[in-house]
Amino acid sequence: DAGVTQSPTHLIKTRGQQVTLRCSPISGHKSVSWYQQVLGQGPQFIFQYYEKEERGRGNFPDRFSARQFPNYSSELNVNALLLGDSALYLCASSFGQGRSSGNTIYFGEGSWLTVV
Amino acid sequence: GENVEQHPSTLSVQEGDSAVIKCTYSDSASNYFPWYKQELGKRPQLIIDIRSNVGEKKDQRIAVTLNKTAKHFSLHITETQPEDSAVYFCAALSGGSYIPTFGRGTSLIVHP
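Per chain, residue numbering runs from 1 following the sequence as it is written. Note on labels: chains are lettered from A, ligands numbered from 1, in written order. Residue-level local features of this predicted model are given only where pLDDT is at least 70; pairs of side-chain atoms are given and counted only at 80 or more, and the full residue set underlies all totals for whole chains, interfaces and linings. Only hydrogens and water are set aside when side-chain values are computed; all heavy atoms of the structure are taken into account.

### Looking at the environment of Val4(B)
Residue and element names in this part refer to chain B.
Stage number 1. Helix numbering and strand numbering both begin at the N terminus, where a helix is a DSSP run of H or I of at least 4 residues and a strand a DSSP run of E of at least 2. Note on placement: Val 4 falls in strand β1 (residues 4-7).
Stage number 2. We call a residue buried when its accessible area falls under 20% of the maximum for its residue type, exposed when it is over 50%, and partly exposed in between, using a 1.4 Å probe and counting protein chains only. When its relative accessible area of 7% is taken as the criterion, Val 4 is described as buried.
Stage number 3. Each C-alpha atom of the pair Val 4 and Asp 84 lies 23 Å from the other, and the pair is 80 residues apart in sequence.
Stage number 4. Whether two residues are in contact is decided by their heavy atoms, any of which lying within 4.5 Å being enough. Filtering out sequence-adjacent residues up to four positions away, Val 4 remains in contact with Cys 23, Thr 24, Tyr 25, Cys 90, Ala 92, Thr 101, Phe 102 and Gly 103.

### Observations regarding the nonpolar core
Where a protein is soluble and globular, its nonpolar side chains tend to be buried together.
Stage number 1. Within the largest apolar cluster, 24 residues are counted, with the highest numbers of intra-cluster contacts made by Trp35(B), Phe73(B), Leu75(B), Tyr88(B) and Leu108(B).
Stage number 2. Among the elements of the structure, β2 (10-14), β3 (19-25), β4 (32-38), β5 (45-51), β7 (62-67), β8 (72-77), β9 (86-93) and β11 (106-111) of chain B are those that each provide at least two residues to this core.
Stage number 3. Not counting residues up to four positions away in its chain, the partners in contact with Leu75(B) are Ala19(B), Val20(B), Ile21(B), Trp35(B), Ile47(B), Ile48(B), Ile62(B), Ala63(B) and Tyr88(B).
Stage number 4. Formed by 22 residues, the second largest nonpolar core is a distinct cluster that contains Leu11(A), Val19(A), Ile46(A) and Leu76(A). The nonpolar core is taken to be a set of buried Ala, Val, Leu, Ile, Met, Phe, Trp, Tyr and Cys residues, with the residues joined through side-chain atoms within 4.5 Å.

### Thoughts on unusual backbone geometry
Stage number 1. In this structure, the amide linkage connecting Ser7(A) to the following residue, Pro8(A), adopts the cis form with an omega of -10°.
Stage number 2. Looking at where Pro8(A) falls in the secondary structure, it is placed in the loop between β1 (5-7) and β2 (10-13).
Stage number 3. In the segment running from His7(B) into Pro8(B), the intervening peptide bond is cis, with an omega of -5°.
Stage number 4. Residue placement: Pro8(B) occurs in the loop between β1 and β2.
Stage number 5. Backbone geometry at Glu51(A) places phi at a positive 50°, although glycine is not the residue there.
Stage number 6. One can find Glu51(A) in the loop between β5 (44-50) and β6 (53-57).
Stage number 7. The exposure class of Glu51(A) is partly exposed, given its relative accessible area of 27%.

### Quick notes on the interface of chain A and chain B
Stage number 1. If you look at the interface, chain A gives 23 residues, while chain B gives 22 residues.
Stage number 2. By buried area we mean the combined loss of accessible area, with a 1.4 Å probe, across both parts when two parts are placed together. Taking both sides of the interface into account, the surface hidden between chain A and chain B amounts to around 1900 Å²; carbon and sulfur atoms contribute 54%.
Stage number 3. Here, a salt bridge means any Lys or Arg side-chain nitrogen found within 4 Å of an Asp or Glu carboxyl oxygen. The interface formed by chain A and chain B contains one salt bridge.
Stage number 4. One salt bridge connects Arg43(B) with Glu109(A), and the closest N-O pair in it is separated by 3.3 Å.
Stage number 5. Residues adjacent in sequence count toward polar contacts only when both atoms are side-chain atoms; beyond that, a polar contact is any pair of N or O atoms within 3.5 Å, and within protein one must be able to donate a hydrogen and the other to accept it. Taken together, the links from chain A to chain B amount to four residue pairs in polar contact (both at pLDDT 80 or more).
Stage number 6. Elements that contribute at least two residues to the side of chain A that touches chain B include exactly β4 (31-37), β5 and β9 (87-94) of chain A.
Stage number 7. In terms of residue class, the side of chain A that touches chain B is made up of nine nonpolar, 12 polar and two charged. Amino acids are sorted into nonpolar (Ala, Val, Leu, Ile, Met, Phe, Trp, Tyr, Cys and Pro), charged (Asp, Glu, Lys and Arg) and polar (every other residue, Gly among them).

### Focus on the environment of Ile109(B)
Stage number 1. In this fold, Ile109(B) is placed in strand β11.
Stage number 2. The contact partners of Ile109(B), leaving out residues within four places of it in the chain, are Thr10(B), Leu11(B), Ser12(B), Val13(B) and Ser85(B).

### Focus: the packing of aromatic side chains
Stage number 1. When the centres of two rings from Phe, Tyr and Trp lie within 6.5 Å, Trp using its six-membered ring, the rings pair. Their planes under 30 degrees apart give stacked, over 60 give edge-to-face, and anything left gives tilted. All told, the structure shown has 12 aromatic pairs over all chains when counted by the stated rule.
Stage number 2. Note on Phe107(A) and Phe102(B): the rings are 6.0 Å apart at their centroids and 55° apart in plane angle, and the pair reads as tilted. With one member in each of two chains, Phe107(A) in strand β10 (residues 106-107) and Phe102(B) in strand β10 (residues 100-102) form a pair that bridges those chains.
Stage number 3. For Phe107(A), a relative accessible area of 3% translates into the label buried.
Stage number 4. Among the aromatic side chains, those forming a connected cluster through ring pairs are Tyr35(A), Phe45(A), Phe107(A), Tyr36(B) and Phe102(B).

Right, here's the structure in full:
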């Protein structure tokens, strides 16, 4: 049974460019969340999508956007890249979106983004 | 919003010793507290979680305790082994947003 899959695993971009990261949740999971993890810190929440609708947004600028597709996969887009956007971007999936049982989140391996 | 503080930031122990990592949270409505282990270059993996209707949960060498009154929860690892070396993150789910807030992490080093 496949876990959360993300692509690409590593990428290097230049300041000002745009990047798209992709995520496929665990089969049957309807919620996808995106996190940014800077070295030495815990994951910081960016977005949550449930049933193709945005259900939560963290404290990130409008350069960050995301969407969820009918098959529950998701994309994270970052425009006008800055050096400070260099980080590990983690996608996580869960069955639902709330705090009841079964909503444990599972992380993918992440996409390492380096902005030069 | 929720705020999670995690201590210590680094913990060094000898193989066979116990390790304890503590987290405090601010939102009294939070009721789900997972712990993740992240090895170098890998994804965070859930190792244990606890819900607010219980005070303690064990899984082999790992246990988590929760004190709702004091708003803190702790991870206990007994008989530590070198493969336990990793960064451990606690998290709390805030009552209103359903989004987990993570602590800054504890780097656990187990010396053989």
